[in-house]
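Reading the structure
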Amino acid sequence: MDAAAASTKSVAIVGAGVSGLAACKHLLARGFLPVVFEAGDGLGGAWRHALPSTRLQTPASSYRFSDFPWPTTAEVFPRYDQVVAYLAAYARRFGVLERVRFGCKVLAAEYAGAAAEEQVAAWERWAGNGEAFGDGSGEWVLTVQHRGSEATQVYRFDFLILCMGMYSGVPNIPTFPANQGPEAFRGKVLHSTEYAAMGTAAAAELIRGKRVAVVGSGKSAYDTVAECADANAGAGGPPCTMVCRSPRWMVNGGFVWGGVSIGQLFMSRLAELMVPHKPGEGIALRLLATLMSPLRWAISRVAEEYFKARIPMMQEHGMVPRRSFASAVSACRLGVLTERFYDRVAEGSVVIERTRDSVAFCPDGLVLDGGHAGERVVEADVVVLATGFRGAEKLRGIFASRRFQSMVAAGPDNPAPLYRQCLHPRIPQVAVICYSDSGSSMYHYEMVAKWVAHLLDGAVRLPAVAGMERSVAEWGDYARRHGSGGGGGEGPCVSAACTWFNDELCRDMGYNPRRKKGILADWFEPYGPADYAGIR
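The following refers to the structure shown. In this text, all values refer to a predicted model and were calculated from it rather than measured experimentally.

**So, the overall build of the protein chain**
The number of helices and strands found in the protein chain is 19 helices and 20 strands. In summary, the protein chain has a C-alpha radius of gyration of 23 Å against a globular reference of 24 Å for 536 residues, a match within 12%. Projecting the C-alpha coordinates of the protein chain onto the three principal axes gives extents of approximately 65 × 60 × 45 Å. Put simply, the protein chain has 536 residues, and 54% of those count as buried. For the protein chain, long-range pairs separated by at least 24 residues make up 72% of all intrachain contacts whose partners lie at least 6 apart in sequence. A gap of 3 Å separates the mean positions of the 56 positive and 52 negative side-chain charges of the protein chain.

What follows is the structure, encoded as structure tokens:
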């Protein structure tokens, strides 16, 4: 499709976070003029509302866009505000900022076409003919509410791209025993996203001098605990308690023995050969993966022992995960430890409470392992639930159609059925670039954004719906086998098969998936954003 034809097609993007900016940039490069709806007043998505102590979980060299490197002065793990500044610079550099409409919240998206929904669901080709825009008779109708007004406005587009992000929006509130939920507690209960959105001064005022308990085991829990501990320690207040049931691997840096990166150990082509049940790998490669599995197990054990030795307090306080290190990589359950976290534990400003089973509320705080031997109460005035988000519910909620809502029904153990992690085989003219995850979500989202841009430009040929569904089933089986979908947003994780997945995208777009120079580099070095800079 030439630029003139592309400019006649209307495309809407919902969200101006990492995935929305990438989608807009690559559509602009191919002649489209997308409209980006952003409910907030700035770029960056979840990064705009992070805690002050929040940093990248992956090195900046991996968390970047392929054609826009970080400044040479950037830290290895930049702070959240530096990430926001990087995203803003990217948007200015590529003309994305002019396409964003801030303060515009998309309340609902409804598909309108000549065919009824039942007929659409029965099509043998995606969108009826296998083309991004179908036969031109279908469109998406968006109901948008503008900031400062209760009135809504309706917009119509030929194609819709959902970039809402999985780490914001609908909080994941755990299920508590009957009559032992937050309503039984005399103090204040809030989710970590509410705590972060309060701002530093207001949050510090809320917890100053109070007994605070943080429930969770992911990165947001560690950051929240550290923030609360520092606020109270300076005022001579009580320690902050972290309540944790299932610890995760939280490491102090992305390197083992100084020079070997986690990416080299678990995310190179050679490492991916050892990962079983990759979609479409065939009998020979599956057998090879099985034969090499002892080597993957050994590498995982070496990494575990290294970090246990480097962070001895992790073992002293029972924070060594049951899940193997390799499994944590596969499931996106690996994080970077908050700076000085165990120093705070040693100083007494942080207390770790492990629970084997349940957490419930009582008037004075939290009941751990209620009804079992070892039942105890953690007294608290404020409880922060750092328990992730219901990303799938957020995705379902955007669709006005109950049929479409049921078609994307998903959860931690049942990822939404998306072909190439972005297209539902039976929902036409819409793509999702935010649902799946990897070790470095930015360049993963960008690769999917490039693929979607090629699709809209007519450069990607889709298989029949039956073929799309076979691929979806294979990736779904992979996600379930590797415990994927629990990284905090419910989407599947392709981290341990990221290069394998990108190879599929490259072949679809007509590019050679072997992007490195030399056989040794191709097999032993992990692929990163710079390797895909030539794909435009």
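**Quick look at the packing of aromatic side chains**
Tallied over the full model, the rule gives 30 aromatic pairs. Arranged with centres 6.0 Å apart and planes meeting at 20°, the rings of Tyr-443 and Tyr-532 form a pair that is stacked. Of this pair, Tyr-443 sits in helix H16 (residues 441-456) while Tyr-532 sits in the segment after helix H19 (519-524), and the two are 89 residues apart along the sequence. Exposure class is identical for Tyr-443 and Tyr-532. Each is buried. Sitting over the ring of Phe-133, Lys-9 keeps its end group 5.1 Å from the ring centre. Positioned above the aromatic ring of Tyr-527, the side-chain terminus of Lys-516 is 5.1 Å from the ring centre.

**Looking at the nonpolar core**
Counting 70 residues, the largest nonpolar core has Ile-161, Leu-423 and Trp-451 as its most contacted members. Counting only elements with at least two residues in this core, the list comes to strand S1 (11-14), helix H2 (18-29), helix H3 (80-93), strand S7 (159-162), H16, helix H17 (465-481) and helix H18 (498-509). Of all the elements, H16 adds the most residues to this core, at 11 residues. Membership of the second largest hydrophobic core comes to 47 residues, among which are Val-212, Val-225, Ile-262 and Val-350.

**What to know about the sheet that holds strand S4 (residues 104-112)**
Pairing is antiparallel in the open sheet, where three strands are placed in the order S4-S5-S6. The strands lining the two open edges of the sheet, one partner per strand, are S4 and strand S6 (152-157). If you compare each strand with its neighbour and ignore which way they point, the axes differ by 25° on average. When S4 meets strand S5 (residues 139-146), the two strands line up antiparallel, connected through eight bridges. Looking at S5, one finds that Cys-104 is bridged to His-146.

**Thoughts on H2**
In this model H2 runs 17 Å from its N-terminal to its C-terminal C-alpha over 12 residues, within 8% of the 16 Å that 1.5 Å per residue would give. H2 sits mainly inside the fold: 10 of its 12 residues count as buried. When H2 is considered as a whole, its buried residues turn out to be Val-18, Ser-19, Gly-20, Leu-21, Ala-22, Ala-23, Cys-24, Lys-25, His-26 and Leu-27. Tucked inside the fold, the buried residues of H2 contact S1, strand S2 (35-38), H3, S7 and H16.

**Here we look at the environment of His-277**
Topologically, His-277 is positioned in the loop between helix H9 (269-273) and helix H10 (282-310). Spatially, the C-alpha atom of His-277 lies 46 Å from that of Lys-188, the residues being 89 residues apart in sequence. Ignoring sequence-local partners within four residues, the contact set of His-277 consists of Arg-286, Tyr-478 and Arg-481.

**Things to note about the sheet that holds S1**
Across the sheet, which stays open at both edges, the five strands sit in the order S3-S2-S1-S7-S20 with parallel pairing between neighbours. Looking along the sheet, the strands with just one partner apiece sit at the ends: strand S3 (100-102) and strand S20 (430-432). Direction aside, neighbouring strands of the sheet carry axes that sit 20° apart on average. Packing against the sheet, H2 makes contact with S1, S2 and S7, and its axis sits at approximately 160° to S1.

**Brief notes about the pattern of salt bridges**
Under the definition given, this model contains 35 salt bridges. A salt bridge links Lys-278 to Glu-281; the shortest N-O distance between them is 3.1 Å. Judged by relative accessible area, which is 6%, Glu-281 ranks as buried. The residue Arg-301 makes a salt bridge to Glu-304 at a minimum N-O spacing of 3.6 Å. Here Arg-301 and its partner Glu-304 are both found in helix H10, three residues apart, which amounts to about one turn of the helix. When its relative accessible area of 35% is taken as the criterion, Arg-301 is described as partly exposed. We classify Glu-304 as buried; its relative accessible area is 9%. Taken together, the shared-partner salt bridges in this structure form one network comprising Arg-55, Glu-75, Arg-79 and Asp-81.

**Some points on H3**
In a regular helix each residue adds 1.5 Å, so 14 residues correspond to 20 Å; H3 covers 20 Å between its end C-alpha atoms and thus fits that length. The elements touched by buried residues of H3 are H2 and H16. Where H3 terminates, the next one or two residues include Gly-95, which has phi positive at roughly 70°.

**Examining the state of the cysteines**
When the sulfur atoms of two cysteines share a covalent bond, that bond is a disulfide. Taken as a whole and judged by the stated rule, the model has one disulfide. Free cysteine: Cys-362, not disulfide-bonded; nearest cysteine sulfur from Cys-240 at 17 Å. For Cys-506, which is in no disulfide, the shortest distance to another cysteine sulfur is to Cys-498 and amounts to 11 Å.

**A short note on the environment of Val-225**
Note that Val-225 resides in helix H7 (residues 219-233). Look at Val-225 and you get buried, because its relative accessible area is 0%. Distance in space between the C-alpha atoms of Val-225 and Arg-356 is 20 Å, their sequence separation being 131 residues. Residues contacting Val-225, with those up to four places away along its chain left out, are Val-214, Cys-240, Met-242, Phe-341 and Val-350.

What counts, and where the lines are drawn
Residues numbered from 1 in each chain as written. Predicted model: local features only at pLDDT ≥ 70, side-chain atom pairs only at ≥ 80, totals over all residues. Heavy atoms only, no water. Helix = DSSP H or I, 4+ residues; strand = E, 2+ residues; numbered from the N terminus. Rg over C-alpha atoms; globule rule 2.2 N^0.38 Å. Buried < 20%, exposed > 50% of the residue type's maximum accessible area, 1.4 Å probe, protein only. Contact = heavy atoms within 4.5 Å. Lys, Arg positive; Asp, Glu negative; His and termini not counted. Charge placed at Lys NZ, Arg CZ, Asp CG, Glu CD. Phe/Tyr/Trp six-rings, centres within 6.5 Å; stacked < 30°, edge-to-face > 60°. Lys NZ or Arg CZ within 6 Å of the ring centre and 35° of its normal. Core = buried A, V, L, I, M, F, W, Y, C linked by side-chain atoms within 4.5 Å. Pairing = 2+ DSSP bridges. Axes fitted to C-alpha atoms, helices over the stretch in contact; angles between N-to-C directions. Expected span 1.5 Å × (residues − 1). Salt bridge = Lys/Arg side-chain N within 4 Å of Asp/Glu carboxyl O. Disulfide = S-S within 2.5 Å.

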